[in-house]
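# Commentary on secondary and tertiary structure
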Amino acid sequence: MTLAIIGGVLWILGIIALLTGALPADDAIAVADRVWPILLFVVAVTIVAELASKAGLFDVVAARLAKLARGRTALLWVLVVALATVATAFLSLDTTAVLLTPVVVSMAVARKLDPLPFAFVTVVLANTASLVLPVSNLTNLLASEALGGGHDPVAFLALLGPSALIAIAVSVVVLTVVFLRRLPKTYPDADSPRVSDTLLLRVSGVVTLALLPLLVVGLEPWIPAVGAAVVLIAAFAWRAPRALGIRLVPWSLLVFAGGLFLAVGALEALGIGQVTTVLAGTGDDLVSLWQLAGVGALVANGINNLPAYLALESVAGSPVRLAALLIGVNAGPIVTPWASLATLLWHDRLVAAGVEVRWSRFVLLGAVIAPLILLLGVLPLVR
């Protein structure tokens, strides 16, 4: 609700700018033409993930991983890391934060393990592993569109792949050092999760598995995502119509993102680029890239990563500078709770699951991981 209210205010400010001429109509149309496929993808992939979760897909996958580990906590830790990374890379950071968090918490509790370390794995990797593919983060979709690559995952990986690998490695190393030694070396087995409709589970599994490669073959991401959503909606309409509803659509995020795009477009028309150029610099050398990534991370932790990216995108300029900005606004926003929407959603799910987490612990952990990623992750960008 808070997100929707903020978005509503941004819409009002954007409309005022449009009516007063501060935002030219042509610029507003250009913004709309740019963002509609991105927002459509967000809606479609959210529906796919939500329905797959309702079918029990994530619960079953987590339970299978726990059995695969055969009671060895270290191996389970590695498998959860892999699951969180893959979920973030292909289904976006919000999916990991919202849907995977309660699953890994439930899995840990059922096996008498402290759920908090596994919960921290999901939230940290939801942010830092969102550098992998264009579809991993809304900011990536914006950047890949700005690069003119048509959301080409190969080109995106060529640019950011080494940095993404560093971000994931740093996250995993720090999380492992901090948490794994506090967990018992083994855990008892637990019952498999109950599945109310095995057919829906199978359909959800097939659709999700089919969607993953389709998101990285060069198609506009909204095309396979919408197709997958339509198939799952049809399956649920047949087998479990009560699971369908308007709440499947992330309305608050849509209102917020739409209003934000419009408001930032107005600020750009008013000349905000002159201010951001002074802050972010202009060069492609290592120090300049560190400066841009650092400013991106600071602004993201000060307000939020999406407005941080939108405010600084116009002064990024070159591909390597856009990549440095993404490192700052994707992997950097893990210090303050509000820096990433995924973090706030993660906390809400923990509260709903009855797991208490102190924000001071989150801030301290992020204050260690984020600077290391910024320092090391930018290095592969220097040519």
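Presented here is an overview of the structure given in this document. (Residues numbered from 1 in each chain as written. Predicted model: local features only at pLDDT ≥ 70, side-chain atom pairs only at ≥ 80, totals over all residues. Heavy atoms only, no water.)

### Brief notes about the environment of Gly328
What counts, and what does not: The secondary structure listing takes helices from DSSP runs of H or I that are at least 4 residues long and strands from runs of E that are at least 2 residues long, numbered from the N terminus. Residue exposure (1.4 Å probe, protein chains only): buried if accessible area is under 20% of the type maximum, exposed if over 50%, otherwise partly exposed.
For Gly328, the position within the fold is in helix 15 (residues 319–331). Overall, the relative accessible area of 0% leaves Gly328 in the buried class. As for Gly328 and Leu374, which are separated by 46 residues in sequence, their C-alpha atoms are 6.6 Å apart.

### Things to note about the layout of surface pockets
Put simply, the test is: Of the grid points, spaced at 1 Å and generated over the protein atoms alone, those admitting a 1.4 Å probe that cannot get out make up cavities, while open sets with protein on both sides within 12 Å along at least five of seven lines make up pockets; any residue with an atom within 4 Å of a point is treated as lining. Grid points are joined across faces, edges and corners, and a volume is the space filled by probe spheres set on the points. Classification convention: Asp, Glu, Lys, Arg as charged; Ala, Val, Leu, Ile, Met, Phe, Trp, Tyr, Cys, Pro as nonpolar; all other residues, Gly among them, as polar.
Estimates place the volume of the largest pocket at around 1,300 Å³. Lining the largest pocket are 49 residues, with Val98, Pro250, Leu253, Leu341 and Leu345 positioned closest to its centre. Of all the secondary-structure elements, those providing two or more residues to the lining of the largest pocket are helix 1 (2–20), helix 2 (25–54), helix 5 (93–110), helix 7 (138–146), helix 11 (251–269), helix 14 (305–313) and helix 16 (341–352). For the lining of the largest pocket, the leading source of residues is helix 2, giving eight residues. Its residues assigned to classes, the lining of the largest pocket comprises 31 nonpolar, twelve polar and six charged.

### Section: the environment of Ala32
By the secondary structure assignment, Ala32 is in helix 2. It is 12 Å that separates the C-alpha atoms of Ala32 and Val264, two residues lying 232 residues apart in sequence.

### Examining the side chain of Asn127
Put simply, the rule is: Whether two residues are in contact is decided by their heavy atoms: any pair within 4.5 Å suffices.
Relative to the helices and strands, Asn127 resides in helix 6 (residues 115–128). Beyond its immediate stretch of four places on either side in the chain, Asn127 contacts Leu93, Asn330, Ala331, Pro333, Ile334, Ser340 and Thr343.

### Regarding unusual backbone geometry
Leave glycine aside and you will find that most residues have negative phi; peptide bonds, for their part, are mostly trans. Its identity as a non-glycine residue notwithstanding, Ser92 has a phi of 85°, on the positive side. Mapped onto the elements of the fold, Ser92 is located in the loop between helix 4 (73–91) and helix 5. For Lys112, which is not glycine, the phi torsion reads 60° and is therefore positive. Here Lys112 is to be found in the loop between helix 5 and helix 6. For Lys112, a relative accessible area of 68% corresponds to the exposed category.

### Brief notes about the nonpolar core
We apply this condition: Within this scheme, the nonpolar core is defined by two criteria: the residues are buried Ala, Val, Leu, Ile, Met, Phe, Trp, Tyr or Cys, and they are joined through side-chain atoms within 4.5 Å.
Leu76, Phe118, Phe120, Tyr309 and Trp346 are the most contacted members of the largest nonpolar core, which totals 129 residues. Considering every element that reaches this core, the biggest residue donor is helix 2, with twelve residues. Excluding residues within four positions of it along the chain, Leu76 makes contact with Leu65, Ala66, Ala69, Met107, Leu113, Phe118 and Tyr187. In terms of nonpolar packing, the next biggest core, distinct from the first, is built from five residues, Ala17, Leu23, Ala28 and Leu262 among them.

### Section: helix 10 (residues 222–239)
Note the cut-off: An expected span of 1.5 Å times one less than the residue number is assigned to each helix.
Here helix 10 contains 18 residues, and its C-alpha end-to-end distance of 25 Å stays within 8% of the 26 Å for a straight helix at 1.5 Å per residue. Looking at the buried positions of helix 10, the neighbouring elements they touch are helix 2 and helix 9 (198–214).

### Quick look at the packing of helix 14 against helix 15
Short version of the rule: To obtain each axis, a line is fitted to C-alpha atoms, and for helices this fit is confined to the stretch in contact; angles are then taken between N-to-C directions over 0 to 180 degrees. In what follows, roughly perpendicular refers to angles from 65 to 115 degrees, roughly parallel to angles under 35, roughly antiparallel to angles over 145, and oblique to any angle outside these ranges. The crossing is said to be left-handed when, going from far helix to near helix, the turn is anticlockwise and less than a right angle, and right-handed when the turn is clockwise.
Axis separation between helix 14 and helix 15 bottoms out at 10 Å; the angle between their running directions is 160°. It follows from the interaxial angle that helix 14 and helix 15 lie roughly antiparallel. The handedness of the crossing between helix 14 and helix 15 is right-handed. Between helix 14 and helix 15, the residues in contact are Asn305, Ala308, Tyr309, Leu312 and Glu313 and Leu322, Leu325, Leu326 and Val329, respectively. In terms of residue class, the contact of helix 14 with helix 15 is made up of seven nonpolar, one polar and one charged.

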